[in-house]
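Commentary on secondary and tertiary structure
Chain residues, written in single-letter form:
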Amino acid sequence: MRTLSLEPSLFRFVRLLALVSAIQFGAQRVLGDDNPDSAVVAEGGNESVSLAQWIDGRLATGSASENGPLCNDTEFIRRVSLDLTGMPPTADDARSFSADTTADKRRLLVDRLMASAVHTRHLALTLDVMLMERRPNTLVSQDEWIAWLMSSVRSNKPWNQLVREMILADGDDPANRAPARFILDRGAEPNVVARDIGRMFLGMDLQCAQCHDSPLVSDFLQADYQGLLAFTSPMYTVVRKHGDKDVTVLSERAGTDLTFESVFARGTPHRTGTRLPGTGWIDEPVYLPGEEYDVAPADGVKAVPRFSRRKLLAERLTDGSNAAFNRNAANRLWSVVFGRGVMHPLDMLHPDNAGPAETFLDELGTRFCASGYDIRWFLKELVLTRTYQRAFDFEESGVSQPAIVTQAGEEMQVRLEDAERTARAANDQYSAASTAFDAAEAALIPVSTEFETVRGQYAETWKKLTEARKAAADAAGIVTTKRSTADQALAAATHAETAAGLLSADPELAVIAGKLRERAAQVTAELPALQAAADEKAAAVKPVEDLLATQRVTVEAAQAKLSPLRSELSRTDVARVEARGQLQKASWRVADLKNQMQLNQEVRSYLAVRSEVEGAELVLQRLESEQQQLKKSIDDSTLAMTAIADRMQVAEKELGTVLSSMEAAAGRLAVSEQRYALVADAARSLDAATQFVPADEGLSQTRLAAVGQLSRMETLLNQCRQECDTMTEMHRVASARLETVKSEMQTAQTALSQSQQAIEIAVAAINVEKTKMDETSGRLDSMSHVLASSFSNRFQLSTLRPLSPEQLCWSVFRVTTVYDRYVASERVELDKAAPLTDEQRNDAGVMATREQEIEQRVYDKLKQYIPTYVQFYGGGAGQPQGDFYASADQALFTSNAGQINSWVVPAGDNASERMVKATDPRKAAEELYLGILSRMPAEEEVAEVTAALEGAADRAQVAQELMWGLLNSAEFRFNH
Amino acid sequence: MKLNYPCRTAEHGVARRQFLRGVAAGAAAIAGGYGLCNPAAFGETLRSQQKRIVVFNMHGGLSQLESWDPKPGVDTGGPFLAIPTSVPGIHISELLPLTAQQMHHLCLLRGVNTSEDDHGKGAYLMMTGRRQTPAGEFPQLGAVAAKTLSPEDSGLPGHIVITPGGGGGRGNDSAWLGPKFSSVQLGNGNPPPNTVRPENLSEQSDAARQDFRRRVTERFLNRRRTAVTEAFAYSYEQADKLMRQRDVFDVTKEPASETERYGQHDLGRHCLLARRLLENGISFVQVSHSNYDTHNENFNFHIEQMGEFDRAFSTFVADLANRGMLDSTLIVVLSEFGRTPNVNLYYGRDHWSRAWSVCTAGCRMPRGAVFGATNERGTEVVEGQVDHGNLFHTYLQSVGVDSTGNFNIDGREMPIADPSSKPIEGLLT
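Residues numbered from 1 in each chain as written. Chains lettered and ligands numbered in written order. Predicted model: local features only at pLDDT ≥ 70, side-chain atom pairs only at ≥ 80, totals over all residues.

1. Thoughts on helix α13 (residues 323-338) of chain A
- Helix length check: α13(A), at 16 residues, gives a terminal C-alpha distance of 22 Å against a target of 22 Å (1.5 Å per residue), a fit within 8%.
- After α13(A) finishes, the residue Gly339(A) shows a positive phi value of roughly 80°. (Helix = DSSP H or I, 4+ residues; strand = E, 2+ residues; numbered from the N terminus. Expected span 1.5 Å × (residues − 1).)

2. Here we look at the sheet that holds strand β10 (residues 329-334) of chain B
All names here are of chain B.
- Reading across from one edge, β7-β8-β6-β9-β2-β10-β13-β5-β14 is the order of the 9 strands in this open sheet, with mixed pairing throughout. Across the chains shown, the open sheet's two edge strands, defined by having one partner strand only, are β7 (169-170) and β14 (369-371).
- Summarising the sheet, β10 and strand β13 (residues 356-361) pair through 3 bridges and their orientation is antiparallel. The residue of β13 that forms the bridge with Val333 is Cys359. (Pairing = 2+ DSSP bridges.)

3. Notes on the nonpolar core
- Grouped together as the largest cluster of nonpolar side chains are 274 residues, with contacts concentrated most on Leu928(A), Ile932(A), Met963(A), Ile53(B) and Val285(B).
- In terms of residues, this core owes the most to one element, helix α17 (residues 507-692) of chain A, which gives 12 residues.
- For this core, the domains that each give at least three residues are domain 1 (8-67 + 116-391) and domain 2 (801-975) of chain A.
- The residues contacting Ile53(B), other than those within four sequence positions of it, are Leu141(B), Ala145(B), Ser283(B), Phe284(B), Leu330(B), Val332(B), Tyr395(B) and Val399(B).
- In this structure, Val679(A), Ala706(A), Cys724(A) and Val741(A) belong to the second largest nonpolar core, which totals 21 residues. (Core = buried A, V, L, I, M, F, W, Y, C linked by C-beta atoms within 7 Å. Buried ≥ 20, exposed ≤ 12 C-beta atoms within 10 Å, placed from the backbone. Domains from an automatic or database assignment. Contact = placed C-beta atoms within 7 Å.)

4. Quick look at the domain arrangement of chain A
All names here are of chain A.
- Parsing chain A into structural domains produces domain 1 (8-67 + 116-391) and domain 2 (801-975).
- For domain 1 versus domain 2, the distance between C-alpha centres works out to 36 Å.
- On the side of domain 2, 16 residues touch domain 1, which itself brings 13 residues to the contact.
- For the side of domain 1 that touches domain 2, the per-class residue count stands at 7 nonpolar, 1 polar and 5 charged. (Nonpolar A, V, L, I, M, F, W, Y, C, P; charged D, E, K, R; others polar.)

5. A word on helix α15 (residues 375-384) of chain A
Residues and elements named next belong to chain A.
- Counting buried positions along α15 yields 10 of 10 residues, so the element is predominantly enclosed.
- Residues of α15 that are buried: Ile375, Arg376, Trp377, Phe378, Leu379, Lys380, Glu381, Leu382, Val383 and Leu384.
- Where the residues of α15 are buried, they touch α2 (51-59), α3 (73-85), α5 (105-114), α8 (159-168), α13 and α14 (360-370).

6. Description of the pairing of strand β3 (residues 235-242) of chain A
Residues and elements named next belong to chain A.
- Bridge count for β3 against strand β4 (residues 245-252) is 8 bridges, and the pairing is antiparallel. Paired with Met235 across the bridge in β4 is Glu252.
- Connecting the antiparallel pair β3 and β4 is a turn made up of 2 residues, with Gly243 showing a positive phi of about 65°.

7. Points about unusual backbone geometry
- Cis geometry marks the peptide bond from His344(A) to Pro345(A), where omega comes out at -5°.
- Position of Pro345(A) relative to the elements: it lies in the loop between α13 and α14.
- For the peptide bond that leads from Ser290(B) to Asn291(B), omega is -10°, which places it in the cis range.
- With respect to the secondary-structure elements, Asn291(B) resides in the loop between β9 (284-289) and α10 (298-322).
- Non-glycine residue Glu133(A) carries a positive phi angle of around 50°.
- Relative to the helices and strands, Glu133(A) is located in the loop between α6 (117-132) and α7 (142-154).
- For Asn188(B), which is not glycine, the phi torsion reads 50° and is therefore positive.
- Mapped onto the fold, Asn188(B) is located in the loop between β8 (184-187) and α6 (203-223).

In structure tokens form, the structure reads like this:
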């Protein structure tokens, strides 16, 4: 048979172009062999840097201070254990890692974790969820599938090989049925498989492009979706007998071109064959009906087309030439340890969805491809980057100085304008290329339709020919059968006649012989008619054969007419793909710059608010120092007033004394005056009496005595008067002094009340400023959280990632020591059932196998718990699983269901038991925090635990309350 | 320098609450925001006007001829009569005498044509408003209602499905709206699981551990506060609210006289529970009545089933009307399809999606109305033809949701209802 093939040279040309572009991107041709040493990618000639260094260099922003500091040891061991093994470290491991002083201990830890059986398990389960999104196991069992993923991870199967195996497996070989799950458990439904190949392997969710170019993502084209569908549309399932078992396996028809139109632009048909985003329409051999299959489709038969589109897909997708494939692979593995993709969501990798550092993800994909898609090496390099080891806490000092930020913003503006110009130019080129493609497609469609028509006619004739040949063969068969019947009847008649001759006494035999001969004659008589019919049928074949031969010429003519048009279409498609690639790059640059500018704007707003806070702080300081001064002057005034009051008291007392002395003096004066007046009267009377009785000696004597007395009394009186005057003067002085002191007091009081008024005003001002400050610093706090998220989205701070349902389940097992208790008991059991010799114990290989066996046994016992966690924390089957959500029924589950409540009861060396045993509350707090959160408690936390435990009636009860509390904290729920 | 601004002041508490509200909006953007309404606006003011939807799902396919669109006296009509209702001129099947007395509240849509005679596919399109496509699921009406109608701060789930039997759990019916909006299934009307504190845990002990959890979480949130961490912290408060309101789910708290009024059977209890749930602000409740797939003995079966339904449903409608809840509650009685006008050899009717009926009431649905009509023998729609897409749009419009808008799910715009369809024109008041 002859094969009609479309321009093999063009076929090769497209392939060559793909290769050239792969080389341009720096990718090596991938042969699937392991080559971990290629970890060191040559950069700028002789200098060699590891992938980790390259990533750190590439993600370093202009200002070094924006790249935060690194996390501490306990943060690192928790983070990397969760990311690589799906569970946190044990308390003892966290403690000893902290204490370890080996310089290279982080790298050594990573090696240890990656060599562990739980790492294999975690990665296998992660790949399961990534690839199957919790679809039910309808045709392939979960155990079989996980076992295949486990062995793939263990042998470090390259990513492209993993994908290739999943696309190629048809499930017919019982030993290799597991990888067929990818397609079989999607029901081999072409749309489902096409969409998920887009999502899982190209990072493009083309669902919206199913019926029209995506209105939301300019890069997601209907042709992309239809091109993928062209790969998957020939697939279907058949049920085969494997012994007495019915087994559903994948089968494949010969593929045809698809015709489609946009629901937004009905009436403009488009056509596509197999096409991958980024490579364009792939040319493939075309076989005529009747020549398409090695094994044709039939009931219970696995059909094998001569040209398998599934094989084509497996090859083209994974051969290293497809940038989208490489980019997606790198992004998905990145998300395994970083909790989010470089670009996010994982199935929305398009030019408007920028990640950091423009084409960083594409370059990362190229490097991953160049390593031979070495998953183990890639993950290891990722966790050894400084980028992975970033600290979690937002440090204000990590934000650059305002001047630098402003300048950076201005520079970005200039760069953005430049990038936008480039993008516009790229867009123009892309539009031109698209127009050329559309024209080529429009030219092709009528010819293609014509070809399909004549091909259809040919197929019809082929069917007729098949039928005619069958009819001829059937008719010939009938003649043969009849002839043999006639021959046998004739022979029987002859035998019967012979017998009748021999047994002439038996007349019945003669009758039988006669009848046989009669029948033989009858049958023989039918023969010519049958033969004629057979001849007619045989003759009918020829014209159909002739027709087919004629039609073949027509088909070949149509084919020849179509061929250059398809070449032209392929050429324009390649040009369009190339232009689209350029546009993508330019758009990434624009989008990244826009993101950077937005972040820059956020930083600037943050800095503005920060300076507002600082300004407010200064004002507050000034107000507070003024307040202090006022306070001091009040204090001074108060002090002075006390002194004045003392003095006033003294003065008042003195005045009182003076007054009473004065009063006493006045009293004495009055007495003296009274007495003087009496004596003076007496003297005057005596004087008068002496006039009458001049010589009365007695009288004279008396008068003299009175005068003398009077004189003495006058002196006394004068003394009294003088004393009184003195006292009056003293009183005046004391009063004046008191007045002075009083006025001093008045002055002091006025000053004090003034100061008091001033201080009230100052306090009010301070309160206003404080309110403002609280509001502003609250705003600054919120902004710092927003900024922290923005930084972490660009990997300048550690990302916050919720534990997956599986991680949560295994983490609960780990911190409640359930996991390690199972490991211990399985180890004992296995050592008893199959003891190891000393020699075996020294054999690393044997010991590794033993660890795998133990892990498998523990997994088999504990896996029954996973569905519960999936039910509460997982996404729906077939839906993206990365989205976080929190709901009341999760909290109700951990609060009230039996499981977690029973596991926090002190037992099996778990944290609560260690707490109960600890005599020192500090030690108890350490056991609690190390056990659940893998870190030492802060002082505040120690105090909290101490307070809870001290004087507790039931320490065990309190210990389990605290353990439950930590298990349900945000810090446990999120890796960070 | 670590941020050390005062974080424990009352003012900051206010700021934090504001932040939470902002976060609620952010969370909506992350977990799928409803672009057309601001979740932050779902406060006390709106709560009083909160709209709700209740769906009576008549599994298996209720016969329109034995219920909403009787055709007595023709060869396809079956043995039952049509009776007058509280609305002059409108007649329904004599199997629904009590419901007939509530007709002034109802709006019958008699021109439904969904062109899908498969149980699974029919149920899918009636509940999602779209035909099933191979690559991609759509959220059910209950999930859309929970997302658009439930107050953000409600402690109760927004999407409840009361299943006829079996255990509870969570349905897989919210597609890309995410599990937050998937149904909480109340198996045979029992309260949701894990809503009772374990017996060996005292109230004090529970309070102590929750208090410790809250403090530890708050410390972590001071380090990094995002929509995601806030949502996580809040889920425990929601759980607490739900436990406190557990009685909402407990229909035995209703007086025995109420149970008597609704009927002493599962459907009666479920309808009473539905009323209780709606009264307590749950946005969407689905009650199921099984199984109407009457390929055999259609008539005997409908006598029995309609008897149960008539009593429970009419009491439900009357109660909602009396309690003033009809303005805020949309009632929909639907099936996956109707039943053939032709009566088969086994006195049964088979699957029929070309001309059947849906009964609605409340919100913006006209009261005491019939929209659309079938021909004399009930074999074709002759007026007011609508399909699942029109119905879905109309339900949402009726409760005030712009069904032509989009959800923003993780950066993707997802049409709320089938963008190639539209609400029924000129129906809503």
